[in-house]
Amino acid sequence: MLNVLDLALAFPERCERLASLSDELSLSRNQMRMFDRFFGLDRFHCDHDLPLATLVGQACGAVLARNPEHDARLSHVAYCHTLLSTCVFDAEHPPILAPFAARGLEVFSATMNHCATGVSMLGVLDRVLGDDEVGLILIGDKAFHPAIRLIENTTVMGEAAAAVLVGHRPGRFQMLGTHTSHESRFWLNSGRRGERYLDGFDEVYLEFACDVLCGAMDRFGLGFDQIRYVLPHNVNVPSWYQIARRAGFDPGKLQLSTIGQYGHCFGADPFINLVHADDRGELDPSDLVLLFSIGLGATASCALMRVCGKRPAKP
């Protein structure tokens, strides 16, 4: 079984409050109130001048520096991103992957599950990696334009990067299974101006999320009462309370406290919530946690993880 050997996060130092974004995102007074009072959004790490490769490199450098023995066994590096392209098409490999390609490692990008791609990649590398091989999942995007930064009446994007070391050797978190499902009515995105390819998605979103969560529990042969936490994507607080109620589990099992701190950081959210719960000492050995994310298009992906061993001391 695949294990998460270690993971690290990185955020831009620059932090913006919601109140400062009204002009940039053309938000009305009522929209500001909605995002603040009802959706639980407060501040976001975002720096338009910080290159994406630098941000992802900070998370990557931290996790590899802590694990030189795993770095020596590194064989596959997957860069997971929500935007279809995060660099210009002028090189064989994106800047994020180029240093690993130069080492002769197997490198590739993955994007088609959008914000769910990082969670989906756990299942991919479980099948790809040999017993002694180590993989590295890199996740990161830039919220560089208002059209990308705002999902209308839903959430505001922040910036973060995650670097996740995985392999079949013992690790902090053991992956017990994955579950992925697609809602194919919303796959088309030609990029044409004015195209409304997501029309109707908000009407089926809650049902889709509930179906995937309940389907995952059925697949794993578990009830929600056996799960310590659901570690979700950080869209907004009310939608997750509705999902919990519809799916029939205690909203206290949701890790939602990072929504106000960071906003929706593309595909990094479930890993942010995993680190957050672990750093706060909220996870004990043998606890089960469920990583969950939905990407526009629409794909939902879950990964069931078991906490193994004691939380390592921070340096």
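A brief structural summary. (Residues numbered from 1 in each chain as written. Predicted model: local features only at pLDDT ≥ 70, side-chain atom pairs only at ≥ 80, totals over all residues. Heavy atoms only, no water.)

1. A short note on the sheet that holds strand E13 (residues 299-307)
- Sheet architecture is open: nine strands sit in the order E5-E4-E6-E9-E1-E10-E13-E12-E11, paired in mixed fashion. Both edges of this open sheet fall to strand E5 (106-110) and strand E11 (229-231), since each of them pairs with a single strand only. With strand direction ignored, the average angle separating the axes of adjacent strands in the sheet is 25°.
- As defined by bridge partners, strand E4 (residues 74-80) adjoins E5 across five bridges and the pair is classed as parallel. Its bridge partner lying in E5, Tyr-79 is registered against Ser-109. (Pairing = 2+ DSSP bridges. Helix = DSSP H or I, 4+ residues; strand = E, 2+ residues; numbered from the N terminus. Axes fitted to C-alpha atoms, helices over the stretch in contact; angles between N-to-C directions.)

2. Re the state of the cysteines
- A complete count under the given rule lists zero disulfides for this structure.
- You can see Cys-265 has no disulfide; the closest cysteine sulfur is in Cys-46, sitting 9.5 Å from it.
- On the basis of relative accessibility, which here comes to 2%, the residue Cys-265 falls in the buried class.
- In this structure Cys-302 is a free cysteine whose sulfur lies 10 Å from that of Cys-214, the closest cysteine sulfur available.
- Classification of Cys-302 by relative accessible area gives buried; the value is 0%. (Disulfide = S-S within 2.5 Å. Buried < 20%, exposed > 50% of the residue type's maximum accessible area, 1.4 Å probe, protein only.)

3. So, the packing of aromatic side chains
- Following the criterion strictly, the structure yields four aromatic pairs and no others.
- Measuring from ring centre to ring centre gives 5.5 Å for Trp-240 and Phe-292, while their planes differ by 85°; the resulting arrangement is edge-to-face. With Trp-240 in helix H9 (residues 237-247) and Phe-292 in strand E12 (residues 288-295), this pair connects stretches of sequence that are 52 residues apart. In this pair, the class of Trp-240 matches that of Phe-292, namely buried.
- The ring of Tyr-229 carries the charged tip of Arg-228 above its face, separated from the ring centre by 4.3 Å. (Phe/Tyr/Trp six-rings, centres within 6.5 Å; stacked < 30°, edge-to-face > 60°. Lys NZ or Arg CZ within 6 Å of the ring centre and 35° of its normal.)

4. Topic: helix H11 (residues 269-279)
- Most of H11 is tucked away, with ten of its eleven residues classed as buried.
- Those residues of H11 that fall on the buried side of the exposure criterion are Asp-269, Pro-270, Phe-271, Ile-272, Asn-273, Leu-274, Val-275, His-276, Ala-277 and Asp-278.
- The first or second residue beyond H11 is Gly-281, which carries a positive phi of 70°.

5. Considerations on unusual backbone geometry
- Of note in the backbone geometry, Ser-26 takes a positive phi value of approximately 55° without being a glycine.
- Counting through the fold element by element, Ser-26 comes out in the loop between helix H1 (22-25) and helix H2 (29-38).
- For Ser-26, a relative accessible area of 62% puts it in the exposed group.
- Phi at Phe-266 is positive, roughly 55°, even though this residue is not glycine.

6. Some remarks on the pairing of E13
- E13 sits mainly inside the fold: eight of its nine residues count as buried.
- Of the pairings in the sheet, the one linking strand E10 (residues 173-182) to E13 comprises nine bridges and is antiparallel in character. Within the sheet, the bridge partner assigned to Ser-181 lies in E13 and is Ala-300.
- Taken together, the eight bridges between E12 and E13 define a ladder with antiparallel strand orientation. Looking at E13, one finds that Ser-293 is bridged to Ser-301.
- Hairpin connection, E12 to E13: the antiparallel pair is bridged by three residues, and Gly-297 has positive phi, about 140°.

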